[in-house]
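Descriptive analysis of the structure
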Amino acid sequence: MRRAFGLILLALGVFAIAGAVLLPTYVYPKLAKVPLDQDSTSVLEGTASKVLAVTDNGSGPVSAIRENAKLTATARVQANFAAPEMHQDTDYAVWLLAVQVTDDADGTVLSASKRQVCFDRRTAEGYEPHGESDPKCDTRSSYVTELKDKAEKDGQKPPETNDYKAQPGLNFKFPFGTEQKDYRVYDDNTGAAVTARYAGTETVNGIETYKFVQDIPDTKVAEKDVPGTLVGSDQATLKADLYYRGVNTMWVEPVTGIEVKQQQQQHQELRVGTTGSTTVVFDGTLAYNGKTISQMVDQINANKGKLEFLSSTGPLWLGIGGGVLIVAAVVLLARRRRAEPPAPPQRRRVPVGAGR
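The paragraphs below set out a description of the structure included in this document. (Residues numbered from 1 in each chain as written. Predicted model: local features only at pLDDT ≥ 70, side-chain atom pairs only at ≥ 80, totals over all residues. Heavy atoms only, no water.)

**Side note on the packing of aromatic side chains**
The line we're drawing: Only Phe, Tyr and Trp rings are paired, with Trp represented by its six-membered ring, and only when their centres lie within 6.5 Å; those with planes under 30 degrees apart are stacked, over 60 edge-to-face, the remainder tilted. Residue exposure (1.4 Å probe, protein chains only): buried if accessible area is under 20% of the type maximum, exposed if over 50%, otherwise partly exposed. Numbering of helices and strands runs from the N terminus, with a helix taken as a DSSP run of H or I at least four residues long and a strand as a DSSP run of E at least two residues long. Should the NZ of a Lys or the CZ of an Arg lie within 6 Å of a ring centre and within 35 degrees of the ring normal, that charge is described as sitting over the ring.
All told, the structure shown has 10 aromatic pairs when counted by the stated rule. Aromatic side chains Phe174 and Tyr183 sit 5.6 Å apart centroid to centroid with 80° between the ring planes, which places their arrangement in the edge-to-face category. The pair formed by Phe174 and Tyr183 is uniform in burial state, with each residue classed as buried. An angle of 75° between the planes, with centres 5.8 Å apart, marks the rings of Tyr183 and Phe212 as edge-to-face. Taken together, the residues span a long stretch of sequence, with Tyr183 in strand S7 (residues 183–187) and Phe212 in strand S9 (residues 207–227) at a distance of 29 residues. A relative accessible area of 10% means that Tyr183 is categorised as buried. Among the residues examined, Phe212 registers a relative accessible area of 0% and is labelled buried. Taken together, the ring pairs in this structure connect Phe174, Tyr183, Tyr198, Tyr210 and Phe212 into an aromatic cluster. We note Arg271 situated over the ring of Tyr243; from NZ or CZ to the ring centre the distance is 3.9 Å.

**Section: the state of the cysteines**
For clarity, the cut-off: By convention in this document, the label disulfide applies to cysteine sulfur atom pairs within 2.5 Å.
All chains considered together, the criterion is met by one disulfide. Disulfide partner of Cys118: Cys137, at an S-S distance of 2.0 Å. Taking the torsion about the S-S bond as the criterion, the Cys118 to Cys137 disulfide, at about -60°, is left-handed. With a gap of 19 residues between them, Cys118 in strand S4 (residues 109–120) and Cys137 in the loop between S4 and strand S5 (143–147) connect regions that are remote in the sequence.

This is the structure in structure tokens:
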């Protein structure tokens, strides 16, 4: 009975040790992926000391600089299941991001952008083919929508065209198991991956986060035809270069890689040729509102414990438990039964007269 019980404990111990090894090395990588089915909205709010507004009262577009405006940016992320990469057990997802910025005073749409990206579900890295013969993502699964400066007719929306290109760096989130190091994060305005440096830890709404700061230097991002009045010229229209610089700050929960909080400080200005003439068309700061931060916290609370069990707490307790079971089994199997006391010696009876 003791031997059978020892063998059972030994089997359970070996099973627990195997589980401690398999959870972080096999199960965790299989399950630590962003879901394919995504439809979420985040809202940023803030103010701008200056912002360009283009309105149309029926007689054509009118450009004007507004000052001290309260702004709301709404970002919606949706999965595109029409993309060829979106199938069961895929390691890549295709999500569409649409952002619209409005003036709270009258609802005027100040800017709108749209892009779609194919990215790694584990690392959140935008896919780059690097000349591979069998690329993981289709060339038309990642694009940035370009909006032309002018509509074909007054009162109409300017036409859109899709510029099919990879969007390298982190997209939408940080990787599962974010580390205290620098990461390259895709920046919408420059269309490039820019380093976000690790800047310490902070607590946001009770969640311990890693803080990352992305400092984007003065960069020419476009050349535009603008009204002369906007840049102090007597000409009806002329070409101007649009320059951008900014600081993006992200507070990331490291286990899930979710951005609990985000803040964007941006400055954009038009520069005309070599004259040195500049016109600020945006200078402001936007950040996640309270509702969006609460939504991020809810996502973290729903997933962090599961991920920690698979990557750390589960293997730890299984390893400890397995070790204890194996030791107990060895002790039981090594012990011998106590030897029974020897029987007392029997006296030999010799018959009377024997040996005579």
